[in-house]
Amino acid sequence: MEEKFLRVGVITKTHGLQGAVKVYPTTDEPEVLCEGASAYIAQKGENIPVTIAASSRFKNLYILKFEEYTDINDVEIFKNCDLFMEKGALPELKENEYFVSDLIDMEVVDEDGRLLGKIREVLQTGANDVYVVATEEGKDILLPAIRDCILSVSVDEKRMTVHLLPGLFE
């Protein structure tokens, strides 16, 4: 889907006979999967708009019922499909918080303006995220997402300025 959308879950399977589905959330704030929320199911290159009619948590999943579907036969085709929401409908980000999709392919420069590479992946560890920066030489630099290392981020310019801590880049 386009940049204005964010994947918030994956439909894993159906639930019951009334057209409900089980969704594995892929967002840090799964409470966006709430009653009345608008979403899109990405299925075979098509973005199908849906409105969440009911939502309940079940272990690590959410059981969602869409207003548009009332029968198991209608939703079986959505197994393993991604569920997206418009970024504008999601809670506002706090200072120094970014959508992972906004960071991917972002240029990374050091404090002297020297290009280090582009972010190709964000690893989510327990303590802090780690940005995997692919260099032109084919090597990876692992940058911890901490204040001492990340000096500035401009989503509009797709540019991050960093301070390389000793040992991060040889």
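That block above? That's the structure.
Residues numbered from 1 in each chain as written. Predicted model: local features only at pLDDT ≥ 70, side-chain atom pairs only at ≥ 80, totals over all residues. Heavy atoms only, no water.

A full pass over the atoms with the stated rule returns two aromatic pairs. Between the aromatic rings of Phe5 and Tyr40, the centroid separation amounts to 5.2 Å while the plane-to-plane angle is 80 degrees, which identifies the pairing as edge-to-face. Within this pair, whereas Phe5 is found in strand β1 (residues 5–15), its partner Tyr40 is found in strand β3 (residues 38–43), the two being separated by 35 residues in sequence. For Phe5, a relative accessible area of 11% translates into the label buried. Aromatic side chains Tyr69 and Phe78 sit 5.3 Å apart centroid to centroid with 75 degrees between the ring planes, which places their arrangement in the edge-to-face category. For the pair shown, Tyr69 and Phe78 are each scored as buried. (Phe/Tyr/Trp six-rings, centres within 6.5 Å; stacked < 30°, edge-to-face > 60°. Helix = DSSP H or I, 4+ residues; strand = E, 2+ residues; numbered from the N terminus. Buried < 20%, exposed > 50% of the residue type's maximum accessible area, 1.4 Å probe, protein only.)

Pairing is antiparallel around the closed barrel formed by six strands, whose spatial order is β1-β2-β5-β4-β3-β6. With direction set aside, neighbouring strand axes in the sheet form an average angle of 45 degrees. In the sheet, β1 pairs with strand β6 (residues 82–86) via five bridges, with the strands oriented antiparallel. Bridged to Phe5 within β6 is Glu86. (Pairing = 2+ DSSP bridges. Axes fitted to C-alpha atoms, helices over the stretch in contact; angles between N-to-C directions.)

Another aspect to go through is the sheet that holds strand β9 (residues 129–134). Pairing is mixed in the open sheet, where six strands are placed in the order β10-β9-β8-β7-β12-β11. In this open sheet, the two edge strands, each paired with only one partner strand, are β10 (140–144) and β11 (150–154). Each strand axis lies, on average, 35 degrees off the axis of its neighbour in the sheet, ignoring direction. The sheet contact formed by strand β7 (residues 107–110) and strand β8 (residues 115–124) spans three bridges and is antiparallel. Within the sheet, the bridge partner assigned to Val109 lies in β8 and is Leu115.

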